[in-house]
Amino acid sequence: MAVVEEAPAEPTPRPQGEVDYRLAQQRILAKFGMEALRSRDIDSLLDRAVELCAAGMNAGFCKYLDAPDDEGRMLVRAGLGWEPGLVGTADLGADLASPAGYAFKIGEPVISNHLDEEERFRTPDLMAEHGIKRAINVLVEADGKRYGVIEVDSVKEGKFDEDDLAFMQGFANLIGVAIERQETEAKLSAAIEYQELLTREASHRVKNSLAMVSSMLELQMREDDDPRIRRMLGDAQARITAIAQTHDQLWRGDKVGLVNLNDLACGLTETLAENASRHTILCHADAIVISADAAMPIGLVLTELLTNAIKYAYGDQGGEIVVDIVAKDGRLEMTVTDHGIGMPDASAPKASARTSLGTRMITSLTRQLRGTIAYEDAGPGTRARLTMPDPREGSSAQ
């Protein structure tokens with residue numbers, strides 16, 4: 001039940017008439033409700049609240065007071081009509097002798113129409129210094145949590161009544177719900193950021209672990225004199241490096257789980273080129289953002305195709321290899337082109353499918369990407385062409 005001053009007071013004259021006055025209050029309340037739903041900045045919302053609330057009450061003063069701090073003081077967080085410098089610095093007591101403190105602690109609105117005659121509560125110095133004659137305080141809360149108090153003050157004689165209280169209560173409810181929503185969104189955002197941090201850390205650790213495995217394979221290659229074993233270890237090392245670099249891109253990107261295809265493809269190309277000094281490897285890839293689910297198989301296919309070209313295209317003298325990845329018309333096309341001796345019959349995909357692990361991997365990964373792989377005559381040389389649906393299609397990364 002509202003705490004209303006019992007001393008009589010004349011109703012405040014309504015220049016536009018009582019009905020128009022109440023209708024205007026309803027329009028203002030509806031307008032603020034829409035703004036409260038859209039707002040993402042609580043301070044801007046509170047500034048707007050005190051402005052509209054004062055307008056709806058034909059009052060020159062309004063303030064929003066934060067919940068009491070550890071010292072039992074309520075900060076004037078937003079306000080209208082007060083001397084410059086007071087908003088954000090002035091505070092009021094939160095004890096039961098304070099109208100705002102009573103409204104906050106007891107949870108009941110307080111209407112004081114004659115502050116100079118008030119015996120229930122003391123008049124705060126801030127209000128006395130501004131000549132405030134009457135005030136109305138309403139608790140701002142949502143879902144049982146109390147956030148503060150909104151108060152309208154007037155220097156004019158008159159009477160705040162139960163209908164004014166209903167208008168104020170509507171404002172307080174909207175403010176409470178808006179604050180609660182923003183606090184919930186902030187907690188959710190913090191939880192998402194923490195989850196992203198964990199994911200980045202996991203990807204970083206996977207990358208470091210794979211780098212360690214790659215180093216162990218490198219050491220093993222140096223210890224083994226068998227060319228076939230060395231070649232197999234080198235192939236395994238290249239595949240592990242491709243996976244490691246994809247994880248590296250995952251945690252370095254702006255968004256966890258998304259990879260810039262240009263960074264990934266050309267990064268893998270650069271790494272393989274470091275161990276193929278006799279070859280010149282050029283790379284162009286559209287700078288599109290794709291998910292890890294697509295990045296991993298694309299990176300592995302590219303690694304296999306480049307490794308094959310480095311091994312077989314030119315022999316010991318080396319040559320130029322060009323990687324080109326383009327997204328167009330809902331398709332992604334990746335080509336690896338050399339101008340070497342061409343693909344011998346014995347190494348054609350169908351002939352070697354049962355014996356070549358690399359070829360089987362390319363076939364399996366291409367199927368995973370829902371694509372097709374073709375080997376063409378580059379006149380001279382070989383062009384391997386992977387065609388697949390654009391991995392951005394139907395995804396939020398597009």
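Note that the coordinates shown come from a computational prediction; the quantities given were computed from them, not determined experimentally.

Here the focus is the sheet that holds strand 11 (residues 320-328). An order of 9-11-12-14-13 is seen for the 5 strands of this open sheet, with the pairing classed as mixed. Because the sheet does not close on itself, it has two edges, and the strands there are strand 9 (280-285) and strand 13 (372-377). Averaged over all pairs of adjacent strands, the angle between their axes in this sheet comes to 15°, without regard to strand direction. Pairing of strand 11 with strand 12 (residues 331-338), which is carried by 8 bridges, proceeds in the antiparallel orientation. Looking across to strand 12, one finds that Asp324 is bridged to Thr335.

When pLDDT is averaged across the protein, the result is 82; 85% of the residues are at 70 or more. Mean pLDDT across the elements of the protein ranges from a minimum in helix 9 (residues 349-352), with 45, to a maximum in strand 2 (residues 61-66), with 94. Note on residues 346-354: pLDDT is under 50 here. Beyond four places in sequence and across chains, it has 12 contacts. Across residues 394-398 the pLDDT falls below 50, and counting only partners more than four positions away or on other chains, this stretch makes 4 contacts in the model.

Following Gly379, the chain continues into Pro380 via a peptide bond in cis, with omega recorded as -5°. A positive phi angle, close to 55°, is found at Asp143, a residue other than glycine. Inspection of the secondary structure assignment puts Asp143 in the loop between strand 6 (134-142) and strand 7 (145-154). For Asp143, a relative accessible area of 73% puts it in the exposed group. One non-glycine residue, Asp329, lies in the positive phi region at around 55°. Within the element layout of this structure, Asp329 appears in the loop between strand 11 and strand 12.

Rules behind the numbers
- Residues numbered from 1 in each chain as written.
- Predicted model: local features only at pLDDT ≥ 70, side-chain atom pairs only at ≥ 80, totals over all residues.
- Heavy atoms only, no water.
- Pairing = 2+ DSSP bridges.
- Helix = DSSP H or I, 4+ residues; strand = E, 2+ residues; numbered from the N terminus.
- Axes fitted to C-alpha atoms, helices over the stretch in contact; angles between N-to-C directions.
- pLDDT = per-residue confidence, 0-100.
- Contact = heavy atoms within 4.5 Å.
- Buried < 20%, exposed > 50% of the residue type's maximum accessible area, 1.4 Å probe, protein only.

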